[in-house]
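Residues per chain, in single letters:
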Amino acid sequence: MIVVTGATGNVGQPLVRALAAAGERVTAVSRKISDVPVGVRHRQADLAEPESLEPALQGAEALFLLTSPDFMANGDLGDVLNVVRAVGVRRVVLLSSHGVGTRRHPSRLEDAVKRSGLAWTMLRPGNFASNTFQWADSVRAERVVRAPFGDVAVPAIDPADIAEVAAVALREPGHEGNVYTLTGPVPISPRQQAAAIGDALGEPVRFVEQSREEAREQMLRYMPEPVVEATLGALGAPSAAEQSVGPDVERLLGRPPRTFAEWAERHVAAFK
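Here's what I pulled together on the structure shown here. All values reported here derive from a predicted model rather than from experimental measurement. (Residues numbered from 1 in each chain as written. Predicted model: local features only at pLDDT ≥ 70, side-chain atom pairs only at ≥ 80, totals over all residues. Heavy atoms only, no water.)

## Focus on the pattern of salt bridges
Condition: Salt bridge criterion: a side-chain nitrogen from Lys or Arg within 4 Å of a carboxyl oxygen from Asp or Glu. Only runs of H or I of at least four residues qualify as helices and only runs of E of at least two qualify as strands under DSSP, and these elements are numbered from the N terminus. For every residue, the accessible area obtained with a 1.4 Å probe (protein chains only) is divided by the maximum for its type, and the residue is called buried under 20%, exposed over 50%, and partly exposed between those limits.
According to the stated counting rule, one finds 18 salt bridges in the structure shown. Asp137 is the salt-bridge partner of Arg140, the closest N and O atoms lying 2.3 Å from each other. Note that Arg140 and Asp137 are positioned in helix H7 (residues 136–142) at a spacing of three residues, about one turn of the helix. The partner of Arg255 in a salt bridge is Glu164, and the shortest N-O contact between them spans 3.1 Å. Placement of the pair is Arg255 in the loop between helix H13 (248–253) and helix H14 (260–266) and Glu164 in helix H8 (residues 159–171), with a sequence separation of 91 residues. Under the relative-accessibility criterion, Glu164 is labelled partly exposed at 27%. Counted as one network, the salt bridges with shared partners bring together Arg212, Glu213, Arg216, Glu225 and Glu229.

Structure representation (structure tokens):
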């Protein structure tokens, strides 16, 4: 059996579906009750209360570990991994961040997994295409996108691609001890993303560039300050590594990563 934490999120939901479609026994874990595919077991648990995870882990062989922003700020992953190891889970796939590899984000989550004694695989995705859901209200109301760094381009990865890579790492042998950097197929700027959303809608979407301080104030409403600063740094002044397209998605899935335009077409209802 495979346990998926963060099962209601942009990566967790398609991962649960992919694993269930492949015939795996799956337990979907989230902090709130959620609908899951037929045949998938659901359990409520919170990583901030590691003992709450224990019932969900019974009988599991592998765990997909996704930590929320509030857990990243205040949680202790070592306590979670002690429970994971005690129950008998053998493998962990951690959703980490490209920022760990570029040293913009701390490595403490990865370090805790490496110290745990469990077999591990690290996934380091960069900029998520789904981050643009934050524009949905203004696009619906005004057909406007407001964002900083309008013409700075970095690859944007479709969370469905992250989920498919995670499914490979969880189901197939040979991924233990590997770190995979996951990116979209081409760098794309916020202005270009706004245009792609407009194309999906069949209506123009106007782009209004925010100042860095305006964006910072907005992001602090839902992200810890260190994460906000690191994110703004990566988006505003990306390094060559942060602008590069990595080979891991295509190598693991046997196809190129999905484009942002494809993501926008699939999720256009959120912007209507």
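After presenting the structure, the write-up continues.
## Quick look at the packing of helix H1 (residues 12–21) against H8
Inclusion rule: Angular values range over 0 to 180 degrees, each being the angle between N-to-C directions of two axes fitted as lines to C-alpha atoms, with helices fitted over their stretch in contact. For classification, angles of less than 35 degrees are called roughly parallel, those exceeding 145 degrees roughly antiparallel, those between 65 and 115 degrees roughly perpendicular, and all remaining angles oblique. We call a crossing left-handed when the near helix sits turned anticlockwise from the far one by less than a right angle, and right-handed when that turn is clockwise. Contacts: residue pairs with any heavy atoms within 4.5 Å of one another.
Packing of H1 against H8 brings their axes to within 8 Å, and their N-to-C directions diverge by 45 degrees. Considered as vectors, H1 and H8 are oriented oblique to each other. In the crossing of H1 with H8, the sense of the turn from one axis to the other is right-handed. Of the residues in H8, those in contact with Pro14, Leu15, Ala18 and Leu19 of H1 are Pro159, Ala160, Ala163, Ala166, Ala167, Leu170 and Arg171.

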